Amino acid sequence: MTDAPLWTPSPERIAASHVAAFIKLVDERHGVSLRDYPALYEWSIAHLEDFWAALWDYGGVVGDQGRRVLADRDRMPGARFFPDGQLNFAENLLRARGRDGKPIDGNADAIIFWGENRVRRRLSHQELRDAVSRMQQAFAARGVGAGDRVAAFMPNMPETVIAMLAASSLGATFTSCSPDFGIQGVLDRFGQVEPKVLVCCDGYFYNGKTIDTLPRLAQIVAQLPTVKQVVVVPYVGEAPDASLVPRASRLGEFLAPFKAREVEFHRMPFNHPLYILYSSGTTGVPKCIVHGAGGVLLQHLKEHLLHCDEKPGDRVFYFTTCGWMMWNWLVSALAVEATLLLYDGSPFLGQGKVLFDLADAERMTHFGTSAKFIDAVAKVGADPMTTHALAPLRAVLSTGSPLAPEGFDYVYAHVKKDVCLSSISGGTDLVACFAGGCPTLPVWRGELQCRMLAMKVEVFDDAGHAMPVGQKGELVCTAPFPTMPLGFWDDPGDAKYRAAYYEKFPGVWRHGDWCELTRHGGMIIYGRSDAVLNPGGVRIGTAEIYRQVEKLDEVVESIVIGQDWEKDVRVVLFVRLREGMTLDEALAKRIKEVIRNNTTPRHVPAVILQVPDIPRTKSNKIVELAVRAVVHGQPVKNVEALANPEALEHFRSRAELAT
């Protein structure tokens, strides 16, 4: 195999990039001569204050930077960015003037929305501002102010964005989950944070079906006593019966008394609470992670501008629900004058073509999805390079789980050859990325292109020593960054927060990924470190096995665990096969041979079993720890966090695992 990148940016593309422009700013301001991204990265982690101050200016942040950039730098947690600064998050997303100081065209598209093949809507920048103004006034009339919580039980549609912007314009804190959550799943989240207002919809569409949410809403609201007002947004019907839900009004009635005017932006301290996000909840009641406005704004400006190279008028898409942090990340593209492309529903509508139809119809420039989606469309033989034009598309982003090298091959062979494929990794914990893409760097097969600017990411062994390039270990961050959570909700003394990230390596953020740095300056993620297999004392990342197993056409997807066995651990692999297929000795032998020939004998599973379904979270991540618990006869603490909890029964009391 030749050691050559799959894609290399042209000199013209590099020269026209935000990275090149930002390097020029840094060079002029600080008297340095940074040649390229690697040099910029090293400078950024060595000069955190200078980097973030420059990013504030380059991103055109609307607000007061204050006197200090970083206080208590040596404290993790505890470091504070821009402690004297003030801003309003919504003001930066609804800006009337661009980074260049020129007025933004109020008639240009701000949001384009597809609700499967049933709903099409567009909002201009002026229509968005008007909608936020009316919602802001209505919230204020119900007593919403700084520090209050506004919750959304909503699809990924324009009203969700409007509600978030209206809440944050007032200094309130926004939190959301998607309408496919069950009653207990919603209560486990919103019940902890006690919202004053709940915005919800009458239903949603999925895979051609209409799902009514009002009966669930009535039960949810009855158990949320702090909610003073419920706002029902019509989506699947024109006039939903809000009387079915306690304390509810239809959106039109809620907004009727208020006419659009200039939005009033209440400037708050730099890291005033903006969002409450939730951990997956697969190991217990979800943790409520509080993120600050300024940190989120700066991190997202960095990622949208420098790492995604988004320009005014670009059409940015990420397939996400409102229960995943990628929704919060996506909406921040408004701050760089991009148009949001929102889609709600099944990504596999039309045999997996609907998202590529959206890309062509709306001139998508940035296509964000999951590794699972890429694997799935590859399995069904989709060939968008042939069936779609995708002419404006410049970047494909993948996250949720590691993108296998074969996924990289598929994108360049069947989606588009001239595109920057960015596999990215971060999480809800930081509502941002530790490693990801860069439009001025080559793309190497199976690798995340780079560590993100000003994120001092290293790989540690169990003793807390930095590992050399090519050696696997724990992903850590050894210097502060602006989206370290403000803390967890209702966590006296930050005990749970400190235990979650700082307990193993004091003063260092341990993220929980098993990874290695590469000689190209990139990174490979092998899966979650708490799901690492340990047969015979050898640590194996689960993604190393998935990559091999899912090469086989017969295998749709798989999940692997370590089963405690005879004072050791044995590797057990479960496979979901194509419809109508059965796991026989011949196929099991082929699976083992593929794994052995491409990894090591220790990777080869001792047992392979067929299952009809694999449990996953509502953000489509398979749940190895939950499966391991079921196999060992242990309780799964929060099945409400799963999209398909019934799938766990396929792993329970398997006779094959008793011998």
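Each value, and the rule that gives it
- Residues numbered from 1 in each chain as written.
- Predicted model: local features only at pLDDT ≥ 70, side-chain atom pairs only at ≥ 80, totals over all residues.
- Heavy atoms only, no water.
- Axes fitted to C-alpha atoms, helices over the stretch in contact; angles between N-to-C directions.
- Helix = DSSP H or I, 4+ residues; strand = E, 2+ residues; numbered from the N terminus.
- Parallel < 35°, antiparallel > 145°, perpendicular 65-115°, else oblique.
- Left-handed = near helix turned anticlockwise from the far one by under 90°.
- Contact = heavy atoms within 4.5 Å.
- Nonpolar A, V, L, I, M, F, W, Y, C, P; charged D, E, K, R; others polar.
- Pairing = 2+ DSSP bridges.
- Phe/Tyr/Trp six-rings, centres within 6.5 Å; stacked < 30°, edge-to-face > 60°.
- Buried < 20%, exposed > 50% of the residue type's maximum accessible area, 1.4 Å probe, protein only.
- Salt bridge = Lys/Arg side-chain N within 4 Å of Asp/Glu carboxyl O.

### Examining the packing of helix H2 (residues 18-30) against helix H4 (residues 48-58)
Between two packed helices, both the angle of their axes relative to each other and the distance between the axes serve to describe the pair.
At step 1: Running from N to C, H2 and H4 point in directions that differ by 120°, and their axes come no closer than 11 Å. It follows from the interaxial angle that H2 and H4 lie oblique. The handedness of the crossing between H2 and H4 comes out as right-handed. Here H2 contributes His 18, Ala 21, Phe 22, Leu 25, Val 26, Arg 29 and His 30 to the contact with H4, which in turn contributes Asp 50, Phe 51, Ala 53, Ala 54, Leu 55, Asp 57 and Tyr 58.
At step 2: Partitioned by chemical class, the residues of the contact of H2 with H4 number 9 nonpolar, 2 polar and 3 charged.

### Regarding the sheet that holds strand E15 (residues 273-278)
At step 1: Read across the open sheet, the 8 strands follow the order E13-E12-E9-E7-E8-E15-E16-E27; overall the sheet is mixed. Each edge of the open sheet carries a strand with a single partner, namely strand E13 (248-250) and strand E27 (487-488).
At step 2: The pairing of strand E7 (residues 149-153) with strand E8 (residues 173-177) spans 5 bridges and is classified as parallel. The residue of E8 that forms the bridge with Val 150 is Phe 174.
At step 3: In this fold helix H9 (residues 214-222) packs onto E7, strand E9 (197-201) and strand E12 (229-233), with an angle of close to 165° to the strand it touches most, E9.
At step 4: Across the face of the sheet, helix H11 (residues 293-307) comes into contact with E15 and strand E16 (288-292) while running at roughly 75° to E16.

### Side note on the packing of aromatic side chains
One pair of aromatic rings is described through two measures. These are the centre distance and the angle between the planes.
At step 1: On inspection of all chains with the given rule, the structure shows 33 aromatic pairs.
At step 2: Measuring from ring centre to ring centre gives 5.3 Å for Phe 481 and Trp 509, while their planes differ by 70°; the resulting arrangement is edge-to-face. Note that Phe 481 is positioned in the loop between strand E26 (473-477) and E27 and Trp 509 in strand E28 (residues 509-517), a separation of 28 residues in sequence. As far as the burial class goes, Phe 481 and Trp 509 line up, both buried.
At step 3: Relative to Tyr 501, the ring of Phe 488 has its centre 6.0 Å away and its plane inclined at 75°; by these criteria the two rings are edge-to-face. Note that Phe 488 is positioned in strand E27 and Tyr 501 in helix H18 (residues 495-501), a separation of 13 residues in sequence.

### Comments concerning the pairing of strand E11 (residues 209-212)
At step 1: As paired strands, strand E10 (residues 203-206) and E11 are joined by 4 bridges and run antiparallel to one another. The residue of E11 that forms the bridge with Tyr 206 is Lys 209.
At step 2: Where E10 hands over to E11, the hairpin turn is made up of 2 residues, of which Asn 207 adopts a positive phi near 55°.

### Concerning the sheet that holds strand E32 (residues 607-610)
At step 1: Pairing in this open sheet of 3 strands is mixed, and the strands run E30-E31-E32 from one edge to the other. The open sheet has two edge strands with one neighbour each: strand E30 (555-565) and E32. Between one strand and the next, the sheet's axes are offset by a mean angle of 25°, whatever the strand orientation.
At step 2: The strands touched by helix H20 (residues 585-598) within the sheet are E30, strand E31 (568-577) and E32, with E31 carrying the most contacts at an inclination of about 120°.

### Let's talk about the pairing of strand E29 (residues 523-528)
At step 1: A large share of E29 lies buried, amounting to 5 of its 6 residues.
At step 2: The pairing of E28 with E29 spans 5 bridges and is classified as antiparallel. Considered in E29, the bridge of Glu 516 is made with Ile 524.

### As for the pattern of salt bridges
At step 1: Per the stated rule, a full pass over the model turns up 34 salt bridges.
At step 2: Here Arg 576 and Glu 557 are joined by a salt bridge, their closest N and O atoms 3.1 Å apart. Of this pair, Arg 576 sits in strand E31 while Glu 557 sits in strand E30, and the two are 19 residues apart along the sequence.
At step 3: If you follow the salt bridges from partner to partner, you end up with Glu 406, Asp 409, Arg 445, Arg 547 and Lys 551 in one network.

### A word on helix H21 (residues 624-631)
At step 1: Most of H21 sits out of view: 6 of its 8 residues are buried.
At step 2: Along H21, the residues that are buried comprise Glu 624, Ala 626, Val 627, Ala 629, Val 630 and Val 631.
At step 3: On its buried face, H21 sits against helix H19 (542-549), E30 and E31.
At step 4: Gly 633 lies just past H21 and shows a positive phi near 70°.

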